[in-house]
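Okay, here's what each chain looks like letter by letter:
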Amino acid sequence: MRFQLTEDQRALRDGVRQLLARRFDADALRAAVRRPGRLDRALWRELGAAGFFALRLPEADGGVGLGLPEAVLAFEEAGRALLPGPLLATHLAAGAVPGAADGSVVVAAAGGGGTVEWLAEADVVRGDATGAVELRSVDPLTPLHRLPRGSGSAAADERAAARVPGPYTSPTGVPDASAAVLLTAAEQLGSAVRTCELAVQHARTREQFGRPIGAFQAVQHLCAGMLVRVEVARVAVYAAAVTADPVDVAAARLLADEAAVRGARDCLQVHGGMGFTWEAEVHLHLKRAWVRTHRTGGATESEEMLADALTAGTR
Amino acid sequence: MNLTYTPEEEDFRARLREWLGKVLPTLPAKPSPDDWPGRRAYDLGWQRTLYDAGYADVHWDASPTVRLIFLEETEKAGAPYVGANFVGLLHAGPTIAAEGTPAQRERWLPPILRGEEAWCQGFSEPDAGSDLASLRTRARRDGDHYLVSGSKIWTSHAEAADWCELLVRTDPRAPRHGGITWLAMPMDAPGVTVRPLRTLAGSAEFAEVFLDDVPVPVANRVGEENDGWRVTMVTLSFERGTAFVGEVVACRRVLGELAREARSNGRWDDPALRRRLGRLNADFLALWRLTQWNVSEAQATGGVPGVGGSVFKLRYSHARQELYDAAADVLGPDALDLGRPWTLDRLSSLSYTIAAGTSQIQRNIVAERILGLPKGR
């Protein structure tokens, strides 16, 4: 058992982190916030060229030929950097929608959860977005459409999935529905990692009452709680990437949602009044984390699946 | 990144499972929780059985992964827990193995492995709980002996132990963490008085130990005089690293039992309860993955488990309490029946956020040693 990142996996993670640090730094993030709803097509193609979308597509089909663990690491970095765009929908469309793999085409998905992200900017929409109504999205970096009532249920997800062009099961053998839930969890994990870092950085440097606030136990314990949730979510996400077991995926999703949402809230609290301002990055993490919790395979579905697994005797 | 075991490890698992299937039905009935002589005999007997079958030293000599498999399989099969051998096998033994002289290793290690001698832990004091470094039990040199005076508390298995791993202050003028020495004290030495303490669960699970000029040979000192703090840190990292493997397996089993109970008594129809059990399943699944991650890391680095154990202990101790609170919801009024094992487990789970460093202390450790925040007050 070598349940640790391999050298190649570390290199891949570092490579994605460097690419995003170079192409989507703090200034780019602010610029994106200033023009909401607009996708940076040049960056999209660059992500495509780097293999972000084609990561799990077999080499024979022009892909990178890697697996779910590698995709999880890439999506963790995207979440960490708050990278905007329908990353998941385009990644899942690689191999099924021409142009998705190389980033020349932007794909949105009306999969589940009742909303569609980036519908207006997409070149191709998978699933049925008929009657979708634009929302004033809480997240300035994720434009949202609301699907008609009833179409966000689990049953509707199945129907929508059945209408998706291309194979329901990707060439890697992992169902798209399961991969969608896990890669969402990976993004949540990355966001939780980042808010923990931001909180700790701030607590180390911000002085009140003549010393860094990180010397106060009340602040220390907030930060410790954040790290515990991050590390628990991390192993759950990585293990689910290795096994691709739906029960592992559901657990990963629950724990990553918790780590991202509570982590962003605690980070905001550590930042005090500054955290409540638009200038601080914290609110963007919280809002995006909220958006992700509404994607398919969220809390209720995951908890019910994990409960069922208990009496099935398999866990 | 993988979660598969080597053929050798799988072979070990299969042989162990087969042996457990043969030997467990032949074991005598477990003694009652208050019967310390009976518990001692039972636990030491189990250790002897392990010794005869070649499994006695799995905590010491096996790779971390094999140790993980051993703990997983014995718990799944319902084998006896280490019990009265806990301190000897998981604390004192590893400490003596790492820090003792050849003569000390020869004197103390084989009897632990053969199930002949049990150990207890004399670390905590009435005025030094999680603040271990403020301990005050004194030891003054008198020829080739130390004379030890003071008192210890929360000492599990004290009535049943032959030896006590004892922390004493040998230099009261030294800084808090200096001036401490690690001694092996015979529990039958003159001047040792044991007073059992009744816990909120009703049983005498641990004791106060009073020490009145107890003579301990200088030869029983492990490590240098006044170097006991460092020796102790070696011990504590073992405690926080792998001590809970079997318990996570046990909690996952209990969770399955709870779900089946809820199915049969109708509580399963309550979506809130169902979802709560589902969430607990996620927690214990992740705690098992965290265990595998930590073991895999220990195997890769060859080192003892690090401060990451604090992350595990924090989440685990709270999850365990939530598990038995959920059990009470499943049971309804039966949760008030002390005859139900889940009721006793619920009571004893209250110790988990206190024992072996409170959750508050663990958060300090995470904040200062992992996240690098400035030292707090």
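The rules behind these values
Residues numbered from 1 in each chain as written. Chains lettered and ligands numbered in written order. Predicted model: local features only at pLDDT ≥ 70, side-chain atom pairs only at ≥ 80, totals over all residues. Heavy atoms only, no water. Helix = DSSP H or I, 4+ residues; strand = E, 2+ residues; numbered from the N terminus. Rg over C-alpha atoms; globule rule 2.2 N^0.38 Å. Contact = heavy atoms within 4.5 Å. Areas by Shrake-Rupley, 256 points an atom, 1.4 Å probe, with all protein chains shown as cover. Lys, Arg positive; Asp, Glu negative; His and termini not counted. Charge placed at Lys NZ, Arg CZ, Asp CG, Glu CD. Phe/Tyr/Trp six-rings, centres within 6.5 Å; stacked < 30°, edge-to-face > 60°. Buried < 20%, exposed > 50% of the residue type's maximum accessible area, 1.4 Å probe, protein only. Lys NZ or Arg CZ within 6 Å of the ring centre and 35° of its normal. UniProt positions renumbered as here; feature names shortened; annotations may be inferred. Pairing = 2+ DSSP bridges. Core = buried A, V, L, I, M, F, W, Y, C linked by side-chain atoms within 4.5 Å. Axes fitted to C-alpha atoms, helices over the stretch in contact; angles between N-to-C directions. Parallel < 35°, antiparallel > 145°, perpendicular 65-115°, else oblique. Left-handed = near helix turned anticlockwise from the far one by under 90°. Nonpolar A, V, L, I, M, F, W, Y, C, P; charged D, E, K, R; others polar. Buried area = accessible area lost by both parts, 1.4 Å probe. Salt bridge = Lys/Arg side-chain N within 4 Å of Asp/Glu carboxyl O.

All right, on to the overall build of chain B then. Helix and strand counts for chain B stand at eleven helices and eight strands. For 377 residues, the compact-globule estimate of 2.2 N^0.38 gives 21 Å, and the C-alpha radius of gyration of chain B, at 21 Å, lies within 12% of that figure. Along the longest, intermediate and shortest principal axes, the C-alpha atoms of chain B span 70 × 50 × 45 Å. Once local pairs closer than 6 in sequence are excluded, the contacts in chain B between residues at least 24 apart make up 73%. Here chain B displays about 15,900 Å² of accessible surface, and carbon together with sulfur accounts for 53% of that area. Each charge class in chain B can be summarised by its mean position, and for the 45 positive and 50 negative side chains these summaries are 5 Å apart.

Turning our attention to the packing of aromatic side chains. Evaluation of the coordinates by the stated rule reveals 18 aromatic pairs over all chains. Between the aromatic rings of Trp-44 of chain A and Phe-53 of chain A, the centroid separation amounts to 4.9 Å while the plane-to-plane angle is 35°, which identifies the pairing as tilted. By the burial criterion, Trp-44 of chain A is buried, and Phe-53 of chain A matches it. Between Phe-52 of chain A and Phe-75 of chain A, the aromatic rings sit 4.9 Å apart at their centres with planes inclined by 40°, giving tilted as the arrangement. You can see Phe-52 of chain A sitting in the loop between helix 3 (41–49) and helix 4 (68–81) and its partner Phe-75 of chain A sitting in helix 4, a full 23 residues away along the chain. An identical accessibility class is assigned to Phe-52 of chain A and Phe-75 of chain A; each is buried. Through pairs of rings, three or more aromatic residues link up here, namely Phe-12, Trp-19, Trp-46, Tyr-55 and Phe-70 of chain B. Positioned above the aromatic ring of Trp-36 of chain B is the side chain of Arg-39 of chain B, whose terminal nitrogen or guanidinium carbon lies 4.2 Å from the ring centre. Its guanidinium or amino end placed over the ring of Tyr-146 of chain B, Arg-141 of chain B lies 5.6 Å from that ring's centre, counting from NZ or CZ.

Feature annotation in UniProt places "domain: Acyl-CoA oxidase/dehydrogenase middle" (unreviewed entry) on residues 120–214 of chain B, given in this structure's numbering. Here residues 120–214 of chain B runs as 0% helix and 52% strand, with 16 Å between its end C-alpha atoms.

So, on to the sheet that holds strand 5 (residues 144–146) of chain A. All names here are of chain A. Reading across the sheet, the three strands line up as 2-5-4 and stay open at both edges, with antiparallel pairing between neighbours. Pairing within the sheet leaves two strands with one partner each, and these edge strands are strand 2 (115–117) and strand 4 (133–134). One ladder, built from three bridges, connects strand 2 with strand 5; its direction is antiparallel. The residue bridging Glu-117 from the neighbouring strand is Leu-144, located in strand 5.

Moving on, we get to the nonpolar core. Ranked by size, the top nonpolar core spans 145 residues in total, and within it Leu-47, Val-237 and Tyr-238 of chain A together with Leu-277 of chain B carry the most contacts. Beyond its immediate stretch of four places on either side in the chain, Leu-47 of chain A contacts Leu-19, Leu-20, Phe-52, Phe-53, Leu-83 and Leu-87 of chain A. Of all hydrophobic cores here, the second largest spans 27 residues; its members include Phe-86, Leu-89, Leu-90 and Trp-119 of chain B.

Our focus in this paragraph is the packing of helix 7 (residues 245–265) of chain B against helix 8 (residues 271–301) of chain B. Residue and element names in this part refer to chain B. Helix 8 packs onto helix 7 with a crossing angle of 160° between their chain directions and a minimal axis gap of 10 Å. Taken as axis vectors, helix 7 and helix 8 run roughly antiparallel relative to one another. When the axes of helix 7 and helix 8 are compared, the crossing they make is left-handed. Contact residues: helix 7 offers Val-245, Val-248, Val-249, Cys-251, Arg-252, Leu-255, Leu-258, Ala-259 and Ala-262, while helix 8 offers Leu-273, Leu-277, Leu-280, Asn-281, Phe-284, Leu-285, Leu-287, Trp-288 and Thr-291. Along the lines of polarity and charge, the residues of the contact of helix 7 with helix 8 split into 15 nonpolar, two polar and one charged.

Under the local residue numbering, the UniProt record ascribes the feature "domain: Acyl-CoA dehydrogenase/oxidase N-terminal" (unreviewed entry) to residues 6–116 of chain B. Taken as a whole, residues 6–116 of chain B contains 67% helix and 0% strand, while its terminal C-alpha atoms sit 34 Å from one another.

With that settled, consider the interface of chain A and chain B. On the side of chain B, 49 residues touch chain A, which itself brings 49 residues to the contact. Summed over both sides, the interface of chain A with chain B buries roughly 4,600 Å², with 64% coming from carbon and sulfur. Counting across the chain A and chain B interface gives five salt bridges. Salt-bridge contacts for Glu-304 of chain A lead to Arg-274 of chain B; the nearest nitrogen and oxygen are separated by 2.8 Å.

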